[in-house]
Amino acid sequence: MTRARFPKAIKTMRMLAMFYECQGELVKAQEILLDLISEDPTDQQTLKRLVALYRDMDMEAQAIQVLNKFVEMNQEDVEAWLELADLYLNKQNFTKALFCYEEMLIIMPKNYLINLRYAETLYSSARANDNFDELQMARKYFSHAAILKEGKACIRALLGVQ
């Protein structure tokens, strides 16, 4: 129906998918988004919407797969790296999450939040694997995050230094 009236309107179809998502018809929304991606695999907004839909449907493996393909094409997208790191942390895959944070640090090395999250992930990984070297490295990144924070002190970073 909408496709007949607006045959090339990607925004309209994306909005229709979001409408179905709001109505709880997640499978219809997924079909529309997959159809849009098959027409244009480089459409960033549709890919990100599909990842959000997969997360909503508790299909984290598919979300990771789509995000991995997305960051291959868009390596400078910090939001995508952050989302991918979050998905890996949900699965407690610290090695891959650390890689995502390292990619973000390459793009934004002076962002204290990325340094802080990298330090927290290093700390969690060190505690899970009893790795003293990672624990020392986490401490360095906690202190670096505390230095990078302008204005008020970053309590999370200072607690990590202890």
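Residues numbered from 1 in each chain as written. Predicted model: local features only at pLDDT ≥ 70, side-chain atom pairs only at ≥ 80, totals over all residues. Heavy atoms only, no water.

Among the nonpolar cores identified, the biggest contains 44 residues, and Ile32, Leu50, Leu84 and Met104 are the most heavily contacted of them. Within the residue set of this core, elements represented by two or more residues are helix H2 (10–23), helix H3 (26–39), helix H4 (44–56), helix H5 (60–73), helix H6 (78–90), helix H7 (94–107), helix H8 (112–129) and helix H9 (132–148). Not counting the four nearest positions on each side in its chain, methionine 104 is found in contact with Val78, Trp81, Leu82, Ala85 and Ile114. (Core = buried A, V, L, I, M, F, W, Y, C linked by side-chain atoms within 4.5 Å. Buried < 20%, exposed > 50% of the residue type's maximum accessible area, 1.4 Å probe, protein only. Helix = DSSP H or I, 4+ residues; strand = E, 2+ residues; numbered from the N terminus. Contact = heavy atoms within 4.5 Å.)

Further remarks concern the pattern of salt bridges. Counted according to the given criterion, the structure contains eight salt bridges. Residues lysine 48 and glutamate 79 are paired through a salt bridge, measuring 3.4 Å at the closest nitrogen-oxygen approach. Residue lysine 48 is found in helix H4, and its partner glutamate 79 is found in helix H6; the two are separated by 31 residues along the sequence. Linking glutamate 83 and arginine 55 is a salt bridge whose minimum nitrogen-to-oxygen distance equals 2.4 Å. Pair noted here: glutamate 83 is in helix H6 and arginine 55 is in helix H4, with a separation of 28 residues, a long-range link. (Salt bridge = Lys/Arg side-chain N within 4 Å of Asp/Glu carboxyl O.)

Another point: H4. With 13 residues, H4 extends 18 Å from end C-alpha to end C-alpha; this agrees with the ideal 18 Å at 1.5 Å per step. When we look at burial in H4, the residues that qualify are Thr46, Leu47, Leu50, Val51, Leu53 and Tyr54. Down the axis of H4, the smallest arc covering the buried residues is 160°, so these residues share one side. Residues of H4 that are buried sit in contact with H2, H3, H5 and H6. Looking at the residues trailing H4, positive phi occurs at aspartate 58, about 60°. (Expected span 1.5 Å × (residues − 1). Arc of directions from axis to C-beta.)

Before going further, it helps to examine the side chain of serine 125. Among the structural elements, serine 125 can be located in helix H8. Here serine 125 falls in the buried class, since its relative accessible area comes to 2%. In this structure the side chain of serine 125 is engaged in a polar contact, spanning 2.8 Å, whose partner is the side chain of glutamate 134. When near neighbours in sequence (up to four residues on either side) are disregarded, serine 125 contacts Phe94, Leu98 and Glu134. (Polar contact = N/O pair within 3.5 Å; in protein donor to acceptor, adjacent residues only side chain to side chain.)

So, about the packing of H5 against H6. Two elements in contact, H5 and H6, have axes separated by 10 Å at closest approach and are oriented at 150°. At the point where H5 passes H6, the crossing takes the left-handed sense. Packed against H5, whose contacting residues are Glu60, Ala63, Ile64, Leu67, Asn68, Phe70 and Val71, the element H6 presents Ala80, Trp81, Glu83, Leu84, Leu87, Tyr88 and Asn90 at the interface. Of the residues belonging to the contact of H5 with H6, the class tally is ten nonpolar, two polar and two charged. (Axes fitted to C-alpha atoms, helices over the stretch in contact; angles between N-to-C directions. Left-handed = near helix turned anticlockwise from the far one by under 90°. Nonpolar A, V, L, I, M, F, W, Y, C, P; charged D, E, K, R; others polar.)

Moving on, we come to the side chain of glutamine 30. Position of glutamine 30 among the secondary structure elements: in helix H3. At 3.3 Å, the side chain of glutamine 30 and the side chain of tyrosine 54 are in polar contact. Setting aside residues up to four positions removed in sequence, glutamine 30 forms contacts with Leu50, Leu53, Tyr54, Met57 and Met59.

Take isoleucine 10: it is sitting in helix H2. Expressed as a C-alpha distance, the spacing of isoleucine 10 and glutamate 39, which sit 29 residues apart in the sequence, is 9.8 Å. Aside from chain neighbours lying at most four places away, what touches isoleucine 10 is Leu36, Asp43 and Thr46.

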